[in-house]
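A structural walkthrough
Chain by chain, the residues run as shown.
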Amino acid sequence: MKDDDKAQPRPAPESDPPASSPRRWRRLVHSLFIGIDLASAIAMLALIAGTVVSLLRSPLSMAMTTPLIVIGEIGIVLLGYAMIWAALRKPAVSDVFGAAGALAFFSLVGCALTVAETSKIIRETGTVPEVVGRLAVAWICLVTAMLTHLALRAVGSSPRLRSKDSLDDSDGDPSQARSSRSERVKHMGAGVIGAAAVVALAATTPTGINHCLEPLLRTTVAASSGHARFPTVAQLQAGAQQQSPPSEPAWETPLGTTTVKQLLAGSRGAIAVTDHGVYGVDPSTGRSTWCFATAALPPSSDTKSSAALRGVDIYAGHEAFTSPDGAWLAYAVSITPTETNGHDSSETVTRVIVLNTGTGRVSVDSQVVGAVPTVQLTDSNAIINRRVYNVADGEELTPLESETNVVPGPGGHERILTRTSDYSESLTSNSVSVEGISPEDQHQTHIMQKAQTINGQPISSGGWIVTSDNNGEEAVQNIDTGRTMSFGNQSKKVILMQVSSQAIAVWLADVSENGELADADPHRLYPLTLSVFDQRTGEVTAVDQSSIHQVLFNHQESDQNVTGRIGIGIVDPPTFSVTGDRSEDFGEKLAVPTGEGEGNVTLKNGVKAPWKKVYTPLLEDRVRNTVLCPEGRVVSAEQQSDTGQVFLKGWRFSV
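Residues numbered from 1 in each chain as written. Predicted model: local features only at pLDDT ≥ 70, side-chain atom pairs only at ≥ 80, totals over all residues. Heavy atoms only, no water.

Check the secondary structure of the protein and you find 12 helices and 36 strands. In the protein, which comprises 655 residues, the share counted as buried stands at 49%. Carbon and sulfur atoms form 54% of the exposed surface of the protein, whose accessible area is close to 31400 Å². (Helix = DSSP H or I, 4+ residues; strand = E, 2+ residues; numbered from the N terminus. Buried < 20%, exposed > 50% of the residue type's maximum accessible area, 1.4 Å probe, protein only. Areas by Shrake-Rupley, 256 points an atom, 1.4 Å probe, with all protein chains shown as cover.)

What follows is the structure, given as C-alpha cells:
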C-alpha cells in the first residue's frame, strides 16, 4: 500500500501538458536566441579585427575609404545602443522596432557607399577587395546581436531569470530536479546550436560574398593521370624528314577580336594569354580546359562588354611566364584604382597570380604595392619580392635575406637564380655574375660568371642561363648543377642565339679555311650553320643545311611558317635574341646551300655556286606566335589582316 500511495502523485506533472509544453518551447527559443546573440557579438568583433588586418595587408583594400566609414558607423551604433541600454530598464517592443529602423537607415547608408566604391574598383581592376565580404558580414552580425538582445530584454528573458525559474520548478521533488537538469541540457544545446550556426555563417559567408562579386571567370579541371611526353628536338627533326608536315591545320578556333598576347607551353597543353585573361587550351581540340579571365574562350556574347585586364610586364616585356618545367604560370595584372580625374593613383598595385598550367588551380594570389614586383618561378617555389611560396599548397615559407637580389623570370628547377652581392644597378654591363641558392637553407652553388644580359636582365630558359665559357665563347650553364655547354670554338663563331622557353637556336658561322665559299666574289663568304640546344635533354642537335634553307627562304608567310620550323626542331618564337661578340663581322658574309635550287653566289672564276646569301636581319625575323605541346602537337595564333579576326590553329606532327 505504501508503494501504491507513493505512486499516486507521479501522474500529476503529466496531467497538464498544455501548460508546460509552450513554456518549454519558449525557453528553448530564448536559449537559441541567447546563443545567437552572444555568437553574433563575438563574430562581429572578430570580423572587425579581420577587416583591420585586411586593410593593413591588402593594398587594394587599403585604397578604399568606405571600410573606415562602415567601421565608424559600427562604433556610432554601438555607442548609441549603450546609451539606450543604460536609459531603458526594460525595453518595450516599440523600442525593438525603433532600433531596427535606425539600423536599417545606417545599413542603407553604409551599403550605398560600399556598393558605389566597390563596383568602381571591381570594374577598373577586375578584383574584389578582400575586405568587402568581412565588412558585410560584420554589419549583419552587429544587427543580429543588437536586435536579438533587445528582443530578449523586451520580453524579460535573461539567463539569470531562466535559471531561477528552473530552480523553482525543481524544489522539493527529486524527479523534478532530474527533469530540470534535462531541460537545462536542452537549453544549453539550443544555445550552442544557435552559436554554431552564427559561427559557421560568419566563417564562410565573407568568402561566398566575395566569390559572388568576383568578375573573373575562374574554372579548373581535375589533374590528369600519367606523364605528358614532349618530343625532343631530334625527334622533331627526324619526324619532319620521314614524313611531310601537314599542309592544313587539324582544327581552328575563332576568337573574334580577342588579342592573343602570348602563347606558352603548359604541362598538358597551350596557354593563351589574352587581353581578357589566361586560358588553358587543349592542343588536340582547341577547346578551353580552364580559364582565369573576364570572359569565356571562345568569346561569349558578353566579351565586348567584359573589361580588359591591364597586364604588367614582369619578364622580358611580357605579363606571364612559366616555370622551368612548365607546370606553373606566373601572371601579373595592374589593379591600381583610378582617381576621380581618370588617372591612376600615385601608388601602383600589382596582383600576381601563380596557377597550375594543367588544372588552372590558383596557388598564390598576392597584391604588391609600389614598383613592379620581381617574380621568379622554380619547379616548386614562387618568389615575389623575396617572399617565398610553396606552389604546391600556396604556403608562405621563410623569406629570402634582405640583401638577396632575385632575377625575374624562370629560375632553376630547384634553385633560385640571384645576382651576386656585388651587383649594382648603376653599373651598366652586358654581363653579370649570378648564383643559384636553395630556398630552404639559402646555400649557394658556385658563381656563374659573365651571365649574358639584355637591358640588365640575365637570360634564363628551362633551368639554364646563357653565359660565356672560360674561352669567352657563348655557352649555357645549368642553374642547379653548374654543368656548362659551349657552342663556339676555333672553327665556328656564334652569330646569334635565339632563346625561347623550350629550346635555344644557335646560329654559327663556319670560319674554317676549306670550302668553295672562300673563293666567292668579291669577298669571302662563310657557311651558316644552326645547332639547337634542347633544355629538357641537355643535348645539342645540328640542323641539316637543307632545313636551314627552307626555314629561311621558303616558309616566311602563312601556315608554312609553322610547318617549316618543325624541320629545325624548334617551334616557339624567341624570348631573347643574343648576338655574338663577332656578329658584326659577318653581317653580309653568310650563305646557306640551296640544294638543287639556283644560288646567287658567284665565285671568282665566274661560276654560279649553289649557295644563297643570308643577311643577319633575316635571322632575327620573329615567327608567328606558336608553341609546342605534348605528343608533337603545335598551337598557333593568327590574326587575319583583312577582317582583324583572330584564330587559334592546331597541328599534329609525327614524332
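Strands sit in the order E2-E36-E35-E34 across an open sheet of 4 strands; the sheet is antiparallel. Among the strands making up the open sheet, the edge pair consists of strand E2 (251-256) and strand E34 (626-628). Direction aside, neighbouring strands of the sheet carry axes that sit 15° apart on average. The pairing of strand E35 (residues 633-639) with strand E36 (residues 646-652) spans 7 bridges and is classified as antiparallel. Looking at the pairing, Val 634 lines up with Trp 651 of E36. (Pairing = 2+ DSSP bridges. Axes fitted to C-alpha atoms, helices over the stretch in contact; angles between N-to-C directions.)

Here strand E12 (residues 381-384) shows a buried face lined by Asn 381 and Ile 383 and a second buried face lined by Ala 382 and Ile 384. Sheet topology places strand E11 (residues 375-377) next to E12; 3 bridges connect them, and they run antiparallel. Within E12, the residue paired with Val 375 across the bridge is Ile 384. Between E12 and strand E13 (residues 387-390), which pair antiparallel one after the other, the connecting turn spans 2 residues, and Asn 385 there sits at a positive phi close to 50°.

Further remarks concern the packing of aromatic side chains. Summed over the entire model, instances satisfying the criterion amount to 5 aromatic pairs. Ring centres of Phe 487 and Phe 533 lie 6.2 Å apart, and the angle between their planes is 70°; on these two criteria the pair is classed as edge-to-face. One end of the pair, Phe 487, is in the loop between strand E24 (484-486) and strand E25 (492-499); the other, Phe 533, is in strand E27 (residues 526-534), with 46 residues separating them in the sequence. Here the two residues Phe 487 and Phe 533 agree in accessibility, since each one is buried. The ring of Phe 230 has Arg 536 lying over it, and the distance from NZ or CZ to the ring centre is 4.1 Å. (Phe/Tyr/Trp six-rings, centres within 6.5 Å; stacked < 30°, edge-to-face > 60°. Lys NZ or Arg CZ within 6 Å of the ring centre and 35° of its normal.)

What follows concerns the nonpolar core. One finds Val 476 and Met 497 to be the most contacted residues of the largest nonpolar core, which totals 33 residues. Ignoring sequence-local partners within four residues, the contact set of Met 497 consists of Val 466, Glu 474, Val 476, Phe 487, Ile 504, Ala 505, Val 506, Phe 576, Ser 577 and Val 578. (Core = buried A, V, L, I, M, F, W, Y, C linked by side-chain atoms within 4.5 Å. Contact = heavy atoms within 4.5 Å.)

What follows deals with a nonpolar patch on the surface. A contiguous nonpolar surface patch, about 250 Å² in accessible area, is contributed by Phe 105, Val 109 and Leu 113. Take Phe 105: its relative accessible area is 52%, and that puts it in the exposed class. (Patch = residues over 30% accessible without salt bridge, like charges linked within 9 Å, V, L, I, M, F, W, Y side chains within 5 Å. Salt bridge = Lys/Arg side-chain N within 4 Å of Asp/Glu carboxyl O.)

The next thing to look at is the sheet that holds E24. Strand order in the open sheet made by the 4 strands is E21-E22-E23-E24, with antiparallel pairing throughout. Where the open sheet ends on each side, the last strands, each with one partner, are strand E21 (460-461) and E24.

What follows deals with the pattern of salt bridges. If you walk through the whole model with that rule in mind, you get 7 salt bridges. Arg 218 serves as the salt-bridge partner of Glu 214, at 3.6 Å between the closest nitrogen and oxygen. A salt bridge links Lys 649 to Glu 252, with the nearest nitrogen and oxygen atoms 4.0 Å apart. With Lys 649 in strand E36 and Glu 252 in strand E2, this pair connects stretches of sequence that are 397 residues apart.

A separate point is the side chain of Thr 258. Position of Thr 258 relative to the elements: it lies in the loop between E2 and strand E3 (260-265). Engagement of the side chain of Thr 258 in a polar contact is seen with the backbone oxygen of Leu 255, the distance being 3.1 Å. (Polar contact = N/O pair within 3.5 Å; in protein donor to acceptor, adjacent residues only side chain to side chain.)

Where helix H9 (residues 233-242) is concerned, the buried positions are Val 233, Leu 236, Gln 237 and Gly 239. Take H9 and look down its axis: the buried residues cluster within an arc of 165°, on one side only. Along H9, the residues that are exposed and aim more than 90 degrees away from the buried face are Gln 241 and Gln 242. Close packing links the buried residues of H9 with strand E26 (503-510), E27, strand E28 (539-542) and E34. (Arc of directions from axis to C-beta.)

Looking at the element boundaries, Gly 569 is found in the loop between helix H11 (560-565) and strand E29 (576-579). Excluding anything up to four places from it in sequence, Gly 569 contacts Val 233, Leu 236, Gln 237 and Val 532.

Right, let's get into the environment of Phe 106. Here Phe 106 lies in helix H5 (residues 93-125). Residue Phe 106 is classed as partly exposed on the basis of its relative accessible area, which comes to 23%. As a C-alpha pair, Phe 106 and Ile 74 span 32 residues in sequence and 9.0 Å in three-dimensional space.

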